[in-house]
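# Topology and contacts: notes
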Amino acid sequence: MTVRTRIAPSPTGAPHIGTAYIALFNLAFARRHGGKFILRIEDTDRLRSSAASETEIIKALRWLGIDWDEGPDTGGQQGPYRQSERTGIYRDHVNQLWDSGQVYPCFCTTERLQAVRAAQIAAKSEFQGYDRACAGIAATEARRRVDASETHVFRLRSPIDGDCRWQDRLRGEIVVPWAGIDDQILLKSDGYPTYHLANVVDDHAMDISHVIRGEEWISSTPKHVLLYQTFGWQPPEFAHLPLLRNPDRSKLSKRKNPTSILYYREAGFLPDVLLNFLGLVAYSFADGREEFRLTEFIDQFDLDRISLGGPVFDVGKLREFNARRLRALTIDELQERLQQWRLNQNVWTRILEMAQPRLNQLTDLVPMSSFLFADRLPDTTPQLLRQAGDETTQLMERLRLAQWEIEQTTEWTSETVRALFDRVSALENIKLKKLLPVFFITICGAKVSLPLFDSMLLLGRDLCLRRILYAIEDLEAAGCRLGKKQLKALQSRYRDAGSGA
RNA sequence: GCGCCCAUCGUCUAUCGGUUAGGACAUCAGGUUUUCAUCCUGAAAAGCGGGGUUCGACUCCCCGUGGGCGUGCCA
């Protein structure tokens, strides 16, 4: 059997460090066994998916040195590799199951579903999920309503008793009672497939032999196993990797850690070090080696050596690995790395264009632009407090709004940066000019600096986001915490303004 | 609530029934260095609890406990 593995990111935001982690193990396993590694874009969420995010994910993975044999950008025999371009395939498969009665249209409204859910929670019902209200609608009646273009989804009939069992490569047999699994939606009312359908159909169509993915998928594996059964297909081998964790052991999240791969690039981490580090969480070499290149990782890779405890992503240890690698470089190599990063002619030209009108002596240049080459700035709290005066609540709110805005922005251009600050100033009902000093301090470290938006472009989205988060962190430590209610109110104000997703 | 997954130093981990429980990062102490950093040496630091199985359990089983994930027309 030919080994074929895949990484299947959803392009709904910044490229996530967890994607790289799962990708690395899939890549290594495929290469180790002379197989193929595939990139498939799971853009079935029409609302949240974006082409910009897909581009960023591809760029980020390539920056790390992760390469795939087939994918939306490289092509391949079993494409297309973007699920939005395969909707016809999913539709055909659902129709096939509809004909055989294993799938049925469901006409329940979102409101009814919410009500059912709320009632189940209120009644402390053991079963929580869809009540199968539409499962009993007569076939002819269902057909008629669908033909009449009544809004509907398609659901898969699931067993109501017995157990679903399968072998996980790393965890052995997993047994899940069917009773806890409801009739899953396969096709949404917009005609797009859900993850479950698209994933199974594509893994089969693309001859994926091993599904190596995050632990968060274990609980939906029965749905996938059921789909393979229903289609009469041989399921792939499953291996569920432990999830990366925050220091508090919750699932790695952007609120508590930098999770964007781009942050690590912008903040001066070497791609090979980051990849090396990712190969060390949840995994160890049989000979205890801790420093390695990708080729060495592949050569010795053994899927069964993965450990199952959820590893904390320790940025401190990553930094130390990065330091060691940096120090081991020759000066020429170091220069090369620096140029690849940000210290190059092109960037300097852009800086000079901004700096020239502000220069009195040549000596002004480097101090003036040093913030463009830093990760964390010296504590900006005193400056921010001075700027805010008594209005510290407002200050915190503005930082939060900017944070949320940046998190929503995947395209990072002068237009989008400008637009996000326009939205914040509209939301706060003040002029942009009045709003910006706070962000000059947060991003540039001083109220007086090089132009903010262009600086932000140079720094990159995720580093700017980090600086805002650093500022919030520091201010909170200084006692400027927004109350739970205040934060909630701000959130709903933000949502109502229509900026949020 | 229900279901599932997991459990060794603070953190990442080794150990696949018999070890003084090993390494790495962080921490601390000492040494080298014009400062600092590097570098070297050393120290402190762990088997969640309770039952079994066994001549012998970190290792296998069960029950607790703790953590995580899932329970979406998100993936």
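Placed above this text is the structure.
Small disclaimer: the values here were computed from a predicted structure and weren't measured.

Taking 1.5 Å of rise per residue, the 17 residues of helix α16 (residues 392-408) would be expected to cover 24 Å, and the 24 Å separating its terminal C-alpha atoms lies within 8% of that figure. For α16, the tally of buried residues reaches 13 of 17 residues, placing the bulk of the element in the interior.

Quick look at the packing of helix α15 (residues 381-388) against helix α18 (residues 432-444) now. Two numbers describe how α15 lies on α18: the axes approach to 10 Å, and their chain directions differ by 175 degrees. Of the possible angle classes, the one that applies to α15 and α18 is roughly antiparallel. Within the contact between the two elements, α15 uses Gln 383, Leu 384 and Gln 387 and α18 uses Pro 437, Val 438, Ile 441 and Thr 442. Along the lines of polarity and charge, the residues of the contact of α15 with α18 split into 4 nonpolar, 3 polar and no charged.

A few words on the packing of aromatic side chains. All chains considered together, the criterion is met by 25 aromatic pairs. Between Phe 277 and Phe 313, the ring centres sit 5.5 Å apart and the planes meet at 85 degrees, which makes this aromatic pair edge-to-face. Within this pair, whereas Phe 277 is found in helix α9 (residues 271-278), its partner Phe 313 is found in the loop between α10 (294-300) and α11 (315-328), the two being separated by 36 residues in sequence. A network of ring pairs unites the aromatic residues Tyr 21, Phe 25, Tyr 283, Phe 285, Phe 292, Phe 297 and Phe 301 as a single cluster. Between the NZ or CZ atom of Arg 62 and the centre of the ring of Trp 68, over which it lies, the distance is 4.0 Å. Positioned above the aromatic ring of Trp 98 is the side chain of Arg 143, whose terminal nitrogen or guanidinium carbon lies 3.7 Å from the ring centre.

It is worth spelling out the sheet that holds strand β7 (residues 185-187) at this point. As summarised here, the arrangement of the 3 strands in space is β3-β4-β7, forming an open sheet in which the pairing is antiparallel. Two strands in the sheet have a free side with no partner beyond their single neighbour: β3 (103-106) and β7. On average, adjacent strands in this sheet sit at an angle of 45 degrees to one another, irrespective of strand direction. Summarising the sheet, β3 and strand β4 (residues 153-156) pair through 4 bridges and their orientation is antiparallel. The partner of Tyr 104 across the bridge, within β4, is Arg 155. Sitting on the sheet, helix α3 (residues 87-99) touches β3, β4 and β7, and the angle it makes with β3 is about 105 degrees.

What counts, and where the lines are drawn
Residues numbered from 1 in each chain as written. Chains lettered and ligands numbered in written order. Predicted model: local features only at pLDDT ≥ 70, side-chain atom pairs only at ≥ 80, totals over all residues. Heavy atoms only, no water. Helix = DSSP H or I, 4+ residues; strand = E, 2+ residues; numbered from the N terminus. Expected span 1.5 Å × (residues − 1). Buried < 20%, exposed > 50% of the residue type's maximum accessible area, 1.4 Å probe, protein only. Axes fitted to C-alpha atoms, helices over the stretch in contact; angles between N-to-C directions. Parallel < 35°, antiparallel > 145°, perpendicular 65-115°, else oblique. Contact = heavy atoms within 4.5 Å. Nonpolar A, V, L, I, M, F, W, Y, C, P; charged D, E, K, R; others polar. Phe/Tyr/Trp six-rings, centres within 6.5 Å; stacked < 30°, edge-to-face > 60°. Lys NZ or Arg CZ within 6 Å of the ring centre and 35° of its normal. Pairing = 2+ DSSP bridges.

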